[in-house]
Amino acid sequence: MNILQRIKALWHENPILRKIAKNFGYLFSSNIISSAISMLQGIFSVRLLGVAGFGTLGTITVFATTINKLTSFRMGELVIKFVGQFHENDEKEKAAAVFKLASLTEFVASIVAFALIWVLAPFGAEFFAKDASLAPWFIIYGLIILANMFSESSTGLLQFFDRFKNMAGVNILQSIVTLILIIVAWWLKTGLQGILIAYLVGKIIHAVGLAIAAQVAAVQVWGKRWWGARLKSIAPNRKELVRFAVSTNINSTLSLISRDSIILWLSYFSVPEQVGYFKLASALTNYIQIPMAPLPQATYPELARAVARKTWSEFKNILKQGSQIAGAYSIMVAMGLLVLGKFFIRIVYGAEMVPSYDSLIIMLLGIVFANIVFWARSALLSFGLADYATKVNILVTIVSVIGYILLLPSLGHIGAAIMLSIANILGNSLVVQKVFRMIKQAESESALTQAIS
């Protein structure tokens, strides 16, 4: 049986796979369009700003994102886990109360995050961007945090209620608006400020769109008075909720240090040109991550349902079939980038950006592995084991920080790519092992229960 016949057989045998594929299809189509638009955004940005300016752009945007994630409790994951749990048990008030609590928590966290950006902007401009005069632009771009004050909880609710079409539409809209504004900035030669405003407007459109779509979904499912859901209805679950939220926050913070803030590490230990090379290499990896990025979002709700129902064969099928499809695609695209990547960079972005190719190839090693086991963290969270993910991230963070200190001053963007691949392979390997142990334990417990009954 060839690969096409195997995929066709999997499609007909598994209705859950078809549902995931439908939701994935919305996000995949959105990502394809958005990534094509993003590539054009990158081309105009590089041509306007040059290597150093492109690196500075990355520093400012990542600085705001990093501060935001620092205070984030990853409310989307909490919403999927607990709204899903209560909704499946027909406890609608509790489900609505979880979403209400998540939204309020995210609101407070966003206010704190923006205050931190306001205070730390001079530090970020001087030590990361190497230009103290850019401090006001760190604050201006930080306004995206206030716009995103409900985006995580909104995204989680839309995912659980299969509103992926709404998410896709919002994503495409913000990409188109951002591209138009970047082209205007390029045409008028407004420099870094024009590009930052373009990104800022696009992010605001995305955040507001998600929030509106989530409110509509909440009203349709729980009624117009859903906001009146009593928080005390979930008081018996308080410890479980707090434990999950704190664990995911710690996990997010550790990910910031080890992976998400890598551009800031590189900015501190190196120069804007090195950041520019790494930022372009990271952008080019989107070609292999385009279909992968939506998969965890589309898969997590189904994994959470399978755990709630204790249907372990269904759970394993999702993992196995997902890996087969993801692996086939990732390896194929990685080979294409290996062969054509250098030529593509030279023609599209200019000869000065060719050094990005070396970083790209190194990063692909870790990315291909992470794509094959894209479900790892979602599967772990569906078991409620956010604390284990935190332990893994502690180890990955220690290894990464040591690597950054040793490699970035001398190797620049190459050292950043090496450490990113190491973090991807190490972290995902440990999580996958834990998931398989949990499945085996759950199957044994189910078999024992059936034998007793």
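Our subject is the structure that appears above.
As a starting point, this report considers the structure included with it. Source: prediction; values computed, not measured. (Residues numbered from 1 in each chain as written. Predicted model: local features only at pLDDT ≥ 70, side-chain atom pairs only at ≥ 80, totals over all residues. Heavy atoms only, no water.)

Quick notes on unusual backbone geometry
Backbone geometry at lysine 189 places phi at a positive 55°, although glycine is not the residue there. The residue lysine 189 is located in the loop between α8 (164-188) and α9 (192-222) in this model. Residue classification places lysine 189 among the exposed residues on the basis of a relative accessible area of 67%. Even without a glycine there, the phi angle at lysine 310 is positive, about 60°. For lysine 310, the position within the fold is in the loop between α14 (294-309) and α15 (312-348). (Helix = DSSP H or I, 4+ residues; strand = E, 2+ residues; numbered from the N terminus. Buried < 20%, exposed > 50% of the residue type's maximum accessible area, 1.4 Å probe, protein only.)

Things to note about the side chain of serine 175
Within the element layout of this structure, serine 175 appears in helix α8. For serine 175, a relative accessible area of 4% corresponds to the buried category. Apart from the residues within four sequence positions on either side, serine 175 is in contact with Ser34, Ile37 and Gln41. (Contact = heavy atoms within 4.5 Å.)

Quick word on the packing of aromatic side chains
This model, assessed by the stated rule, comprises 24 aromatic pairs. Considering the side-chain rings of tyrosine 268 and phenylalanine 269, the 5.3 Å spacing of their centres and the 85° angle between planes classify their relative orientation as edge-to-face. By relative accessible area, tyrosine 268 is classed as partly exposed at 45%. Relative to phenylalanine 383, the ring of tryptophan 312 has its centre 5.7 Å away and its plane inclined at 10°; by these criteria the two rings are stacked. (Phe/Tyr/Trp six-rings, centres within 6.5 Å; stacked < 30°, edge-to-face > 60°.)

Comments concerning the packing of helix α3 (residues 75-88) against helix α7 (residues 151-160)
Relative orientation and spacing of two packed helices are given, respectively, by the angle between their axes and the distance between those axes. Between α3 and α7, the shortest axis-to-axis distance is 7 Å and the interhelical angle comes to 40°. The orientation of α3 relative to α7 falls into the category oblique. As α3 packs across α7, the resulting crossing turns out to be right-handed. Residues Met75, Gly76, Val79, Ile80, Val83, Gly84, His87 and Glu88 of α3 form the contact with α7, whose own contacting residues are Glu152, Ser153, Gly156, Leu157, Gln159 and Phe160. (Axes fitted to C-alpha atoms, helices over the stretch in contact; angles between N-to-C directions. Parallel < 35°, antiparallel > 145°, perpendicular 65-115°, else oblique. Left-handed = near helix turned anticlockwise from the far one by under 90°.)

Let's talk about the nonpolar core
Membership of the largest hydrophobic core comes to 68 residues, with the highest contact counts inside it found for Leu57, Phe138, Tyr141, Phe278, Tyr349 and Met353. With 13 residues, the single largest contributor to this core is helix α2 (residues 15-71). For methionine 353, the contacting residues outside a window of four places in its chain are Val46, Val51, Gly276, Tyr277, Leu280 and Ile345. Judged by nonpolar contacts, the second largest core, of 37 residues, contains Met75, Ala95, Val170 and Phe244. (Core = buried A, V, L, I, M, F, W, Y, C linked by side-chain atoms within 4.5 Å.)

Remarks on the environment of valine 83
Structurally, valine 83 is set in helix α3. You can call valine 83 buried: its relative accessible area is 0%. Separated by 15 residues in sequence, valine 83 and valine 98 place their C-alpha atoms 6.3 Å apart. Not counting residues within four places of it along the chain, the set of residues in contact with valine 83 comprises Leu78, Ala95, Val98, Phe99, Leu157, Phe160, Phe161 and Trp222.

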